[in-house]
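Inside the fold
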Amino acid sequence: MSDHYKLFDTSEAAKYTNMSASFLAKARVTGETCPYIKIGRRVLYRKSALDAWLDQLTRYNTSE
């Protein structure tokens, strides 16, 4: 399976990104998280979306 289609639930996404599951849940409310998939009550994240989101958060100096 391609990494693009690999799906993580919130707990797995939190471990993968080294963030807390509660942070990801709050970030979904404010729109500060990466795109996610909602199937019923389940929230899933594509690995590729998490990687792209983390790339967007990358900074090279403190003035950014």
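None of these values were measured; they are calculated from a predicted model.

Description of the sheet that holds strand β1 (residues 7–9)
One open sheet accounts for three strands, arranged β1-β3-β2; its pairing is antiparallel. Since the sheet does not close on itself, it has two edges, and those belong to β1 and β2 (37–39), each with one partner. The average undirected angle you get between the axes of adjacent strands in this sheet is 35°. The pairing of β2 with strand β3 (residues 42–46) spans three bridges and is classified as antiparallel. Within the sheet, the bridge partner assigned to Lys-38 lies in β3 and is Val-43. On the sheet, helix α1 (residues 10–17) packs against β1 and β3 and is oriented at approximately 105° with respect to β1. Along the sheet, helix α3 (residues 47–57) makes contact with β1 and β3, crossing β3 at roughly 65°.

A short note on the packing of aromatic side chains
For the structure on display, the rule yields two aromatic pairs. Over the aromatic face of Tyr-36 sits the side chain of Arg-28, whose NZ or CZ is 5.8 Å from the ring centroid.

Side note on α1
For α1, every residue scored as buried is listed here: Thr-10, Ala-13, Ala-14 and Thr-17. What you see down the axis of α1 is that its buried residues fit within an arc of 105°, all on one side. Looking at the buried positions of α1, the neighbouring elements they touch are β1, α2 (21–30), β3 and α3.

Conventions we followed
- Along each chain, residue indices are assigned from 1 in the same order as the chain's sequence is written.
- Local features in this predicted model are restricted to residues whose pLDDT is 70 or higher, and side-chain atom pairs enter the listing and the counts only when it is 80 or higher, whereas totals over whole chains, interfaces and linings include all residues.
- Side-chain numbers come from the whole structure's heavy atoms, not from hydrogens or water.
- Strands were regarded as paired on the criterion that DSSP finds at least two bridges between them.
- Each helix corresponds to a stretch of at least 4 residues labelled H or I by DSSP, and each strand to a stretch of at least 2 residues labelled E; elements are numbered beginning at the N terminus.
- Between N-to-C directions, angles cover 0 to 180 degrees, with each direction set by a line fitted to C-alpha atoms, over the stretch in contact for helices.
- Here a residue-residue contact requires only that any non-hydrogen atoms of the pair lie within 4.5 Å.
- Ring geometry is summarised as follows: Phe, Tyr and Trp rings, the Trp one being its six-membered ring, pair when their centres sit within 6.5 Å, and such pairs are stacked at plane angles under 30 degrees, edge-to-face over 60 and tilted between the two.
- Only when the NZ of Lys or the CZ of Arg is both within 6 Å of the ring centre and within 35 degrees of the ring normal is a charge said to sit over the ring.
- Relative accessibility decides the category of a residue: with a 1.4 Å probe and only protein chains considered, values under 20% of the type maximum give buried, values over 50% give exposed, and everything between is partly exposed.
- Here the arc refers to the set of directions running from the helix axis out to each C-beta atom.

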